[in-house]
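Structure assessment
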Amino acid sequence: MDTQFAQQMIVHHEGAVEMSLLAQENAVTPEVRDLADQIEAAQGPEIERMKSWLQEWGEPAGPEGDLEGMEGMDHGDMGSAMEMEGMSQEEAMADLGSVSGAQFDHRFLELMIEHHRGAVTMAQAALADGQDPGAQELAEQVVQDQEAEIERMEQLLEDL
């Protein structure tokens, strides 16, 4: 479970970073740009941490940056955790790219809330079934951080 968690969370985090980079360029609300900066700053180091574990464990990092490549893996309910409103990462990025201004900010927040909910689901599964203390610690941190960010994003959506 720990290997699967790390492999899938790497791809999931890479998706959040990709969305955040787009928001840094396109968001019009300073709070949304700040949130995107914080997501990128937090998840980049976590990606590197998980990659180092996989290397130590002699496991592949998986198909980096390609959520579609995760479909063949046996990951049970995690397939839905990799989607946002039923969309793949590629579809979500296209959706975000089709809007601008305040519409972009609103859509980014909606999609990132769903993205974070998926990460929480994945982390909770790792907490239930994982063994590695480092992976357990990271899973706890993901749940804590992303639930707090979900609350923040829901508030931002209300304020828009």
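Located above this text is the structure these notes cover.
This section reports on the structure supplied with the text. (Residues numbered from 1 in each chain as written. Predicted model: local features only at pLDDT ≥ 70, side-chain atom pairs only at ≥ 80, totals over all residues. Heavy atoms only, no water.)

1. With respect to the overall build of the chain
For the chain, the count of helices and strands is 6 helices and 0 strands. Starting at the N terminus and walking to the C terminus, you meet the elements of the chain as α-α-α-α-α-α. In the chain, buried positions account for 46% of the 160 residues. Residue pairs at least 24 apart in sequence account for 78% of intrachain contacts in the chain once pairs closer than 6 positions are excluded. Put simply, the chain shows about 7,500 Å² of open surface, and 44% of that area lies on carbon and sulfur atoms. (Helix = DSSP H or I, 4+ residues; strand = E, 2+ residues; numbered from the N terminus. Buried < 20%, exposed > 50% of the residue type's maximum accessible area, 1.4 Å probe, protein only. Contact = heavy atoms within 4.5 Å. Areas by Shrake-Rupley, 256 points an atom, 1.4 Å probe, with all protein chains shown as cover.)

2. Some thoughts on the nonpolar core
The biggest cluster of nonpolar side chains holds 23 residues, and the ones touching the most others in it are M19 and F108. Residue assignment for this core shows that the elements contributing at least two residues are α1 (2-26), α2 (30-56), α4 (89-97), α5 (101-129) and α6 (133-159). Among the elements that make up this core, the one with the highest residue count is α5 (6 residues). Excluding anything up to four places from it in sequence, F108 contacts M19, S20, A23, V32, L35, A36 and L96. Counting residues in hydrophobic clusters, the runner-up holds 19 residues, among them I47, M122, A139 and V142. (Core = buried A, V, L, I, M, F, W, Y, C linked by side-chain atoms within 4.5 Å.)

3. Some thoughts on the pattern of salt bridges
Counted by the stated rule, this structure contains 6 salt bridges. For D95, the salt bridge is made with R107, and the minimal N-O distance between the two is 2.6 Å. In this pair, D95 is assigned in helix α4 and R107 in helix α5, connecting sequence segments 12 residues apart. Here R117 ties to E114 by a salt bridge, and the two come within 2.8 Å at their closest N and O atoms. Of this pair, R117 and E114 are both found in helix α5, 3 residues apart, which corresponds to roughly one turn of the helix. Under the relative-accessibility criterion, E114 is labelled partly exposed at 25%. (Salt bridge = Lys/Arg side-chain N within 4 Å of Asp/Glu carboxyl O.)

Remember that the coordinates give geometry; whether it matters functionally is a separate question.
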